[in-house]
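What follows is the residue order along each chain.
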Amino acid sequence: MTRRLLITLVALTSALPAAEHKVKATPETLAWGYYWAGAKPILTVQSGDVVEIQTVSGNPATLEAAGLPANLIQSELRKIYAEVPKESKGPGGHLLTGPIAIAGAQPGDVLEVRIREIRLDVPYAYNSTGRNGFLADVFPQGITKIIPLDRQKMIGHFGPGIDLPLHPFFGSMGIAPPESAGKVNSAPPGIHAGNLDNKELVAGTTLFIPVHAAGALFEVGDGHAGQGNGEVDITAMETSLTGVFQFIVHHDMHLKWPRAETPTHYITMGLDPDLTQAARLCALETIDFLVNEKHLTREDAYALTSVAIDLSITQLVDGTRGVHAMIPKSLFGTKP
């Protein structure tokens, strides 16, 4: 084979679209309330592949009791509640689609999750207070509020005169924790990512997760039409979403905690049951990023974090507090 022909074949191969896969939310594709290294994959894809994944949200009985017309409840959601046996459920409450294995991913690698598209599947969202809300001592009663969504105008009608802009994102995107952790509750986020509840992770952004089990085992769910930082009553505008994701395995990249990237910012994260410790971890992750990726001294990285980078409370609930830092790319001369 001539060198010119070889170069031509390589160019043509790289131009081919990634393989496409579609996963529907069914009792057979559901991981109810857990992330687990021992879970059997529902699908195995190659690094670089693109997968469309349907997710569902809500309890049909609770939604109807809150006043949602029965005909608006998805048949997929009713089927899941009717057919998933109790013994297959995990310790958490999230309805997660997956897991999806990415061939070649091994502990020590990093899984890059490119969020290419997010679609609102239903014309409503809901917000439910609960006993684990940040102000549960003040609001002990559980109340579910239905929020109609205008998917054309991308507005949620919260109440008279209060319309909310919609920014759909998945509250939970994660992979298997280390095998030694067993089947972990889907509520607290961690080194496996999971229930990050980071409203910045909309379509067009990327999440980087350190891999802890063979195949990574990606799961997704907890769809949100929008959320305020803190998520104080324990839920956002919960809704059913379909997402399109591209998965890329990095063997030469190593992380301790999840990170993310938007068109305008890098995002570092700190997660801990104690809010102060979560903020400390986030600040240290930010400094490490600035030292390792932008080649600042640790002293300059510490100073830059103080003068130019915002640390925000991601969430105050779910047993683990989250803090994330928004690092503007413009600091380094990068234009969006």
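Summary of the structure given here. (Residues numbered from 1 in each chain as written. Predicted model: local features only at pLDDT ≥ 70, side-chain atom pairs only at ≥ 80, totals over all residues. Heavy atoms only, no water.)

**Quick word on the overall build of the protein**
Within the protein, the regular secondary structure consists of 5 helices and 21 strands. Against the 2.2 N^0.38 benchmark of 20 Å for 336 residues, the protein shows a C-alpha radius of gyration of 20 Å, consistent with a compact globule. Projected onto its principal axes, the C-alpha positions of the protein cover 65 × 50 × 45 Å. Of all 336 residues assigned to the protein, the portion counted as buried reaches 50%. Sequence separation of at least 24 residues holds for 76% of the intrachain contacts in the protein that already meet a minimum separation of 6. Total accessible area on the protein stands at roughly 15600 Å², and carbon and sulfur atoms take up 56% of it. If the 26 positive side-chain charges of the protein are averaged to one point and the 34 negative ones to another, these points end up 4 Å apart. (Helix = DSSP H or I, 4+ residues; strand = E, 2+ residues; numbered from the N terminus. Rg over C-alpha atoms; globule rule 2.2 N^0.38 Å. Buried < 20%, exposed > 50% of the residue type's maximum accessible area, 1.4 Å probe, protein only. Contact = heavy atoms within 4.5 Å. Areas by Shrake-Rupley, 256 points an atom, 1.4 Å probe, with all protein chains shown as cover. Lys, Arg positive; Asp, Glu negative; His and termini not counted. Charge placed at Lys NZ, Arg CZ, Asp CG, Glu CD.)

**Concerning the pairing of strand E21 (residues 321-328)**
Burial of E21 is extensive: 7 of the 8 residues sit out of reach of the surface. As defined by bridge partners, strand E19 (residues 265-272) adjoins E21 across 8 bridges and the pair is classed as antiparallel. Its bridge partner being in E21, Leu271 is matched across the sheet by Gly322. The sheet contact formed by strand E20 (residues 310-315) and E21 spans 5 bridges and is antiparallel. The residue bridging Ile313 from the neighbouring strand is Val323, located in E21. The antiparallel pairing of E20 with E21 creates a hairpin that spans 5 residues between the two strands, and Asp318 there sits at a positive phi of about 70 degrees. (Pairing = 2+ DSSP bridges.)

**Concerning empty space enclosed by the protein**
Following the criterion strictly, the structure yields 1 cavity of 30 Å³ or more and no others. As a volume, the largest cavity reaches approximately 50 Å³. Residue lining of the largest cavity: Pro189, Leu196, Asn198, Met269, Gly270, Leu271, Thr314, Gln315, Gly322, Val323 and His324, and that is the complete set. Taken together, the elements giving at least two residues each to the lining of the largest cavity come down to E19, E20 and E21. Its residues placed into classes, the lining of the largest cavity shows 5 nonpolar, 6 polar and no charged. (1 Å grid on protein atoms, 1.4 Å probe; cavity = no way out; pocket = protein on both sides within 12 Å on 5 of 7 lines; lining within 4 Å. Points joined across faces, edges and corners; volume = space filled by probe spheres on them. Nonpolar A, V, L, I, M, F, W, Y, C, P; charged D, E, K, R; others polar.)

**Things to note about the sheet that holds strand E15 (residues 206-210)**
With respect to topology, 9 strands assemble into an open sheet ordered E1-E5-E17-E7-E15-E18-E19-E21-E20, the strand pairing being mixed. Each edge of the open sheet is held by one strand with a lone partner, namely strand E1 (20-23) and E20. Between one strand axis and the next, the sheet turns by 25 degrees as a mean value, whatever way the strands run. Direction of pairing for strand E7 (residues 110-120) relative to E15: antiparallel, over a ladder of 5 bridges. Looking at E15, one finds that Val113 is bridged to Leu207. (Axes fitted to C-alpha atoms, helices over the stretch in contact; angles between N-to-C directions.)

**Quick look at the packing of aromatic side chains**
Applying the stated criterion to the full structure yields 8 aromatic pairs. Here Phe245 and Phe247 contribute two aromatic rings whose centre-to-centre distance is 6.3 Å and whose plane-to-plane angle is 20 degrees, an arrangement assigned as stacked. The residues Phe245 and Phe247 share a single accessibility class, namely buried. Seen from their ring centres, Tyr266 and Phe289 are 4.9 Å apart, and the 45 degrees between their planes marks the pair as tilted. (Phe/Tyr/Trp six-rings, centres within 6.5 Å; stacked < 30°, edge-to-face > 60°.)

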